Amino acid sequence: MTAAAPSPSPLVVARPRAAAGWRGLGRLLRTETVVWLRDAGAVFFGLAFPTVVLLGVGFVVPGMRDVITDAPPPWGGLTPVALYVPVVLAAAIATSALTVMPVTLATFREKGVLRRLATTPMRPQALIVSHLGINLGSTLVASLLAVVVGALVFDAVAPQQLGVVLLAFVLAVAAMFALGTLVAARAARGTTASAIGMTIYFPSLMLAGLWTPGPVMPDVLREVGRLTPLGAASQAMTEGWFGDGFPAFQLVVMLAWTAVLLPLGVRLFRWS
């Protein structure tokens, strides 16, 4: 009598490590969001700073709420503070991309978080993706808040070409976060990332028109600004907001910056 053959065991399919490493991304994102919200500096600069700038310009600087009567269309009939809305949107993007996200990622590198995370089932890339999502979300909230405050407090006009404004906004986010990724890629410490980010941040705001928006910007600054990612973003959104042209040059500039900076940031990123 022969023994019965053992029944075949059920087929077990091993889950690839790459897939397993992303399983906890949702929980990680929620946890990191809670931690991010506890950082008063990140919350202020990531969410409130653009609106604070808009309110400060409108209420502190004399004449900003007076209607412009001595300028040609499309500027005539607007208030100077209304010209700041596209500039403030550009500032909202730059603030998260250059002053918040790089510092966070460089601090993780400084403390060895990225290196230690590589020894766990969770992929270290998940931590970067979660903070990229947090900062993109804060940028969107900060921009919407600034637009709503501008409309309610200063009677800011609606965009003439909403599609152009949205396209310019998306390309600005891509270009500036690519730049922020490059800053975060090599900075060994959070303080180093902050210093590099601020060195880029303030000249970028100047070229975007934070001090001299719209028609009052000197020609030299305008020509230089249109070649920078944030200056091109501000000019493109301003054209979409108040004009009737298509800012093709500025859109191409932002695409070019993204195409160059993003691969560099990914390639040069240091985990330790």
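About the cut-offs
Residues numbered from 1 in each chain as written. Predicted model: local features only at pLDDT ≥ 70, side-chain atom pairs only at ≥ 80, totals over all residues. Heavy atoms only, no water. Helix = DSSP H or I, 4+ residues; strand = E, 2+ residues; numbered from the N terminus. Buried < 20%, exposed > 50% of the residue type's maximum accessible area, 1.4 Å probe, protein only. Contact = heavy atoms within 4.5 Å. Areas by Shrake-Rupley, 256 points an atom, 1.4 Å probe, with all protein chains shown as cover. Polar contact = N/O pair within 3.5 Å; in protein donor to acceptor, adjacent residues only side chain to side chain. Expected span 1.5 Å × (residues − 1). Bend = angle between axes of the 7 residues up to and from the residue. Core = buried A, V, L, I, M, F, W, Y, C linked by side-chain atoms within 4.5 Å. pLDDT = per-residue confidence, 0-100. Patch = residues over 30% accessible without salt bridge, like charges linked within 9 Å, V, L, I, M, F, W, Y side chains within 5 Å. Salt bridge = Lys/Arg side-chain N within 4 Å of Asp/Glu carboxyl O. Phe/Tyr/Trp six-rings, centres within 6.5 Å; stacked < 30°, edge-to-face > 60°. Lys NZ or Arg CZ within 6 Å of the ring centre and 35° of its normal.

### Some remarks on the overall build of the chain
Stage number 1. From N to C terminus, the chain includes eleven helices and zero strands.
Stage number 2. Starting at the N terminus, the α and β elements of the chain follow one another as α-α-α-α-α-α-α-α-α-α-α.
Stage number 3. Taking all 272 residues of the chain together, the buried fraction comes to 45%.
Stage number 4. Partitioning the intrachain contacts of the chain with sequence separation of at least 6 by distance along the chain shows that 74% fall at a separation of at least 24.
Stage number 5. When the accessible surface of the chain is split by element, carbon and sulfur atoms take 69% of a total near 13900 Å².

### Here we look at the side chain of Thr-258
Stage number 1. Structurally, Thr-258 is set in helix H11 (residues 248-268).
Stage number 2. A polar side-chain atom of Thr-258 sits 3.2 Å from the main-chain amide nitrogen of Ala-175.
Stage number 3. Excluding residues that lie within four positions of it along the chain, Thr-258 makes contacts with Leu-171, Ala-174, Ala-175, Ala-178 and Pro-263.

### A closer look at helix H3 (residues 40-60)
Stage number 1. An ideal rise of 1.5 Å per residue puts 30 Å on 21 residues; H3 reaches only 25 Å between its terminal C-alpha atoms.
Stage number 2. If you look at H3, its biggest bend is around 60 degrees, right at Ala-48, and the proline Pro-50 turns up within four residues after that.
Stage number 3. Taken residue by residue, H3 has Ala-42, Gly-46, Phe-49, Pro-50, Thr-51, Val-53, Leu-54, Val-57 and Gly-58 as its buried positions.
Stage number 4. Those residues of H3 that are buried are in contact with helix H2 (25-37), helix H4 (84-110), helix H6 (124-154) and helix H8 (190-208).
Stage number 5. Two or three places before Gly-41, at the opening of H3, Asp-39 has a side-chain oxygen 3.1 Å from that residue's backbone nitrogen.

### Re the nonpolar core
Stage number 1. Ranked by internal contacts, the top residues of the largest apolar core, which has 62 residues, are Tyr-84, Met-176, Leu-230, Met-237 and Met-254.
Stage number 2. When residues of this core are traced back to their parent elements, those giving at least two are H3, H4, helix H5 (113-117), H6, helix H7 (162-186), H8, helix H10 (229-242) and H11.
Stage number 3. Broken down by element, the residue count for this core peaks at 14 residues, all from H4.
Stage number 4. Residue contacts for Met-254: discarding those within four places in its chain leaves Ala-168, Leu-171, Ala-172, Ala-175, Pro-229, Ala-232, Ala-233 and Ala-236.

### Digging into the confidence of the model for the chain
Stage number 1. For the chain, the average pLDDT comes to 87, and 90% of its residues sit at 70 or higher.
Stage number 2. Segment residues 7-18 is flagged for pLDDT under 50; beyond a separation of four residues in sequence, or across chains, it makes six contacts in the model.

### Quick notes on a nonpolar patch on the surface
Stage number 1. A surface patch of nonpolar side chains, about 580 Å² in accessible area, is lined by Phe-59, Val-60, Val-61, Val-148, Leu-152 and Val-153.
Stage number 2. For the nonpolar patch, the elements supplying multiple residues, two or more each, are H3 and H6.
Stage number 3. Along the polypeptide, Leu-152 turns up in helix H6.

### So, the pattern of salt bridges
Stage number 1. Taken as a whole, this structure holds two salt bridges when the rule is applied.
Stage number 2. Of the charged contacts, one joins Arg-222 and Asp-219 as a salt bridge, the two residues approaching to 2.8 Å between their closest N and O atoms. Residue Arg-222 and its partner Asp-219 are located together in helix H9 (residues 219-225), separated by three residues, close to a single helical turn.
Stage number 3. One salt bridge in this structure joins Glu-223 and Arg-226, with 3.6 Å as the shortest N-O distance.
Stage number 4. Taking the relative accessible area as the measure of exposure, Glu-223 reaches 45% and is therefore partly exposed.

### What to know about the side chain of Thr-79
Stage number 1. By the element assignment, Thr-79 lies in the loop between H3 and H4.
Stage number 2. Thr-79 gets classed as buried once you look at its relative accessible area, which sits at 15%.
Stage number 3. Those residues within four positions of Thr-79 in sequence are excluded, and the remaining contacts are Met-64, Arg-65, Asp-66, Val-67, Ile-68 and Phe-154.

### Details of the packing of aromatic side chains
Stage number 1. Following the criterion strictly, the structure yields six aromatic pairs and no others.
Stage number 2. For the ring pair Phe-59 and Phe-154, a centre distance of 5.2 Å and an interplane angle of 50 degrees mean the geometry is tilted. Note that Phe-59 is positioned in helix H3 and Phe-154 in helix H6, a separation of 95 residues in sequence.
Stage number 3. In this structure Phe-59 comes out as partly exposed when scored by relative accessible area, which is 48%.
Stage number 4. Relative accessible area serves as the criterion here: at 8%, Phe-154 is assigned to the buried category.
Stage number 5. Linked through ring pairs, Phe-44, Phe-45 and Phe-49 together constitute an aromatic cluster.
Stage number 6. Above the plane of the ring of Phe-269 lies Arg-109, whose end atom (NZ or CZ) is 4.9 Å from the centre.
Stage number 7. The ring of Phe-249 carries the charged tip of Arg-226 above its face, separated from the ring centre by 3.9 Å.

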